[in-house]
Amino acid sequence: MKKASLAPPPVPIGDAASRLAAIDALLAKAAQSGGHGKPALIAISKTQGPEQILPLLEAGHRMFGENRVQEAAAKWPPLKQTYPDVALHLVGQLQSNKAADAVALFDAIHSLDRSSLVQALAAAVHSAGRQPLLLVQVNLAAEPQKGGVATDALPALLEEAAQTGLRVSGLMTVPPADKDPAPYFALLAKLAKRHGLPLLSMGMSGDFDVAAALGATHVRIGSALFGPRE
Ligand SMILES: *Cc1c(COP(=O)(O)O)cnc(C)c1O
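First, a word on what this report is: a plain description of the structure on this page. (Residues numbered from 1 in each chain as written. Predicted model: local features only at pLDDT ≥ 70, side-chain atom pairs only at ≥ 80, totals over all residues. Heavy atoms only, no water.)

## Here we look at the pairing of strand β5 (residues 133–139)
Then, in step 1: Of all 7 residues that make up β5, 6 are buried, and the element is covered over most of its length.
Then, in step 2: Bridge count for strand β4 (residues 108–112) against β5 is 3 bridges, and the pairing is parallel. What sits directly across from Ile109, in β5, is Leu134.
Then, in step 3: Each parallel crossover has a hand, and for β4 linked through helix α5 (residues 115–128) to β5 it is right-handed.
Then, in step 4: Two elements, β5 and strand β7 (residues 170–172), share 3 bridges in a ladder whose sense is parallel. (Buried < 20%, exposed > 50% of the residue type's maximum accessible area, 1.4 Å probe, protein only. Helix = DSSP H or I, 4+ residues; strand = E, 2+ residues; numbered from the N terminus. Pairing = 2+ DSSP bridges. Right-handed = clockwise from strand over helix to strand, strands pointing away.)

## Here we look at the site of the ligand
Then, in step 1: Every residue lining the ligand is accounted for by Ile44, Lys46, Val91, Met172, Met204, Ser205, Arg220, Ile221, Gly222, Ser223 and Arg229.
Then, in step 2: Here Gly222 contributes a backbone N or O atom positioned 2.8 Å from an oxygen atom of the ligand.
Then, in step 3: Computed on the free molecule, the ligand has an accessible area of 390 Å², of which 87% lies beneath the protein chains in the complex.
Then, in step 4: With respect to the detected pockets, the ligand is housed in the largest pocket. (Near = heavy atom within 4 Å. Polar contact = N/O pair within 3.5 Å; in protein donor to acceptor, adjacent residues only side chain to side chain. Areas by Shrake-Rupley, 256 points an atom, 1.4 Å probe, with all protein chains shown as cover. 1 Å grid on protein atoms, 1.4 Å probe; cavity = no way out; pocket = protein on both sides within 12 Å on 5 of 7 lines; lining within 4 Å. Sits in = over half its atoms within 2 Å of the grid points.)

## Digging into the layout of surface pockets
Then, in step 1: Roughly 540 Å³ of internal volume is contained in the largest pocket.
Then, in step 2: Looking at the largest pocket, it is lined by 24 residues, and the ones nearest its centre are Lys46, Asn67, Val91, Gly92 and Gln93.
Then, in step 3: Within the lining of the largest pocket, the residues separate by chemical class into 8 nonpolar, 10 polar and 6 charged. (Points joined across faces, edges and corners; volume = space filled by probe spheres on them. Nonpolar A, V, L, I, M, F, W, Y, C, P; charged D, E, K, R; others polar.)

## Considerations on the pattern of salt bridges
Then, in step 1: In total, this model carries 7 salt bridges according to the counting rule given.
Then, in step 2: Note that Lys38 is salt-bridged to Asp24, the shortest N-O span being 2.7 Å. Of this pair, Lys38 sits in the loop between α1 (16–33) and β1 (40–44) while Asp24 is found in helix α1, placing the two residues 14 residues apart along the sequence.
Then, in step 3: A relative accessible area of 27% places Asp24 in the partly exposed class.
Then, in step 4: A salt bridge links Glu143 to Lys146; the shortest N-O distance between them is 2.8 Å.
Then, in step 5: Exposure remark for Glu143: the relative accessible area of 15% places this residue in the buried category.
Then, in step 6: On the accessibility criterion, Lys146 (22% relative accessible area) is partly exposed.
Then, in step 7: Salt bridges linked by common partners bring Glu66, Glu71 and Lys75 together as one network. (Salt bridge = Lys/Arg side-chain N within 4 Å of Asp/Glu carboxyl O.)

## Observations regarding the packing of aromatic side chains
Then, in step 1: Counted under the stated rule, the structure contains 1 aromatic pair.
Then, in step 2: Judged by centre distance (4.9 Å) and plane angle (45°), the ring pair of Phe64 and Trp76 falls under tilted. Of the two residues, Phe64 sits in strand β2 (residues 63–66) while Trp76 sits in helix α3 (residues 69–82), which places them 12 residues apart along the sequence.
Then, in step 3: Here Trp76 falls in the buried class, since its relative accessible area comes to 0%. (Phe/Tyr/Trp six-rings, centres within 6.5 Å; stacked < 30°, edge-to-face > 60°.)

Following this line, the structure appears as structure tokens:
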């Protein structure tokens, strides 16, 4: 089934804070329909400046996501001076040579996806003495342009992470853009359960309701909150 034939979640109107409240209500309803708790909403603030982010901070929102270490390192330290309880999630691909910066800046990393990064993160965590929450990104449809470990390589990667002393808490995926996301979200939930991992990062602006109904614990929402990115 093509995603275009599915009803997308209604895009709320109004300012970012009222969109946040509207999306939160949709998440609660969708999660309840699937018999799950409401997922945490990560406001994906990539490409957005402080003037777009501040209204959400002022409205009390504290969980934000970025896809680039350098962009986040430039943007967030000043904001964190005023809002020290912000939780920052890295949702984009991570280069091994930025592992130490990522461990210093982020509270969660959703894009652990290969052996070299396991080793780099283990070294960075060891020297920093702090470990962000870690999620392994899975490339369920084996799309070459996307990050994520191949589904059949997931068990070995989890095993390697455990051997280095890293604690992995969950799985993350970005399903193919032109397909019904539901089977991919259901598969991610099944894999997480099989490996005893409690966190499920799935669902974006176009499909957060589907993800919430299938047990997402974290949804990553950018354009439905901030408007289209330039
Ligand atoms: C940009 C991004 C999102 C948010 O996408 P929207 O469609 O704007 O909600 C979520 N997850 C990842 C990994 C992203 O890069």
